[in-house]
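# A structural walkthrough
Listed below are the residues making up each chain.
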Amino acid sequence: MTIIIDNFLPEKEYEEFTTPVFKGQIPIYFRPDRNYGKDMNAFDVQFVHRFYHDGIPTESFGHVDYIVNKIVTIIENSAEFFNTPVALQRVKMNVTHWTQEVMQDGFHIDNPTRHIACILYLNTTNGPTVFEDGEKVDCVSNRLIIFDGKRKHAGCTTSDTNIRAVLNINFLRGEIM
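All values derive from a computational prediction rather than experimental measurement.

## Examining the packing of aromatic side chains
- Applying the stated rule across the entire model yields 3 aromatic pairs.
- Between the aromatic rings of Y52 and F61, the centroid separation amounts to 5.3 Å while the plane-to-plane angle is 50°, which identifies the pairing as tilted.
- Exposure remark for F61: the relative accessible area of 17% places this residue in the buried category.
- Centre to centre, the rings of F131 and F147 are 4.8 Å apart; their planes meet at 85°, and the pair counts as edge-to-face. A residue pair is termed long-range when its members are at least 10 positions apart, and F131 in strand β7 (residues 129–131) and F147 in strand β9 (residues 144–148) qualify at 16 residues. Grouping residues by exposure puts F131 and F147 together as buried.

Have a look at this one:
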């Protein structure tokens, strides 16, 4: 099951978050390994910015902490994940560039541990998120999706705008004793 929330952030908060992103005020770093085992080509690259990684916040974590807290509240109150304790594991922004045709990445899970995966789409593109079970979620600006991290999924490039930008958030999933 995928939880989909459109207009996740109020418009003013969304603009306050995305303006520095799209004005180049948040540094992004080149990664040459986006395609998760599929045949590599010149387009299999992405740019990333880590806000939080393996239990350590970066200097820019303050830019996303309110988003993380809002998602935790949703997870704690959802029927799908009700009473599931979570701990933040990773927050990173992924930016992929335009390709002439939409290209799908390889299916993957973000990490092998029990976790909850979240994607906040930062702009609207024709590059969806596709799940191995056939579900497809369109990339719509300010849309949040939450799903069980063991579900294999794949991002796609965009052919209708210059970039596809998402905020990827992972929570480790615990057990109630």
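## What to know about the side chain of T129
- Turning to its location among the elements, T129 is positioned in strand β7.
- A distance of 3.1 Å separates the side chain of T129 from the side chain of R164, its partner in a polar contact.
- In this structure T129 touches I119, Y121, E135, K136, V137, I145, H153, A154 and R164, once residues within four positions along its chain are discounted.

Thresholds applied
- Residues numbered from 1 in each chain as written.
- Predicted model: local features only at pLDDT ≥ 70, side-chain atom pairs only at ≥ 80, totals over all residues.
- Heavy atoms only, no water.
- Phe/Tyr/Trp six-rings, centres within 6.5 Å; stacked < 30°, edge-to-face > 60°.
- Buried < 20%, exposed > 50% of the residue type's maximum accessible area, 1.4 Å probe, protein only.
- Helix = DSSP H or I, 4+ residues; strand = E, 2+ residues; numbered from the N terminus.
- Polar contact = N/O pair within 3.5 Å; in protein donor to acceptor, adjacent residues only side chain to side chain.
- Contact = heavy atoms within 4.5 Å.

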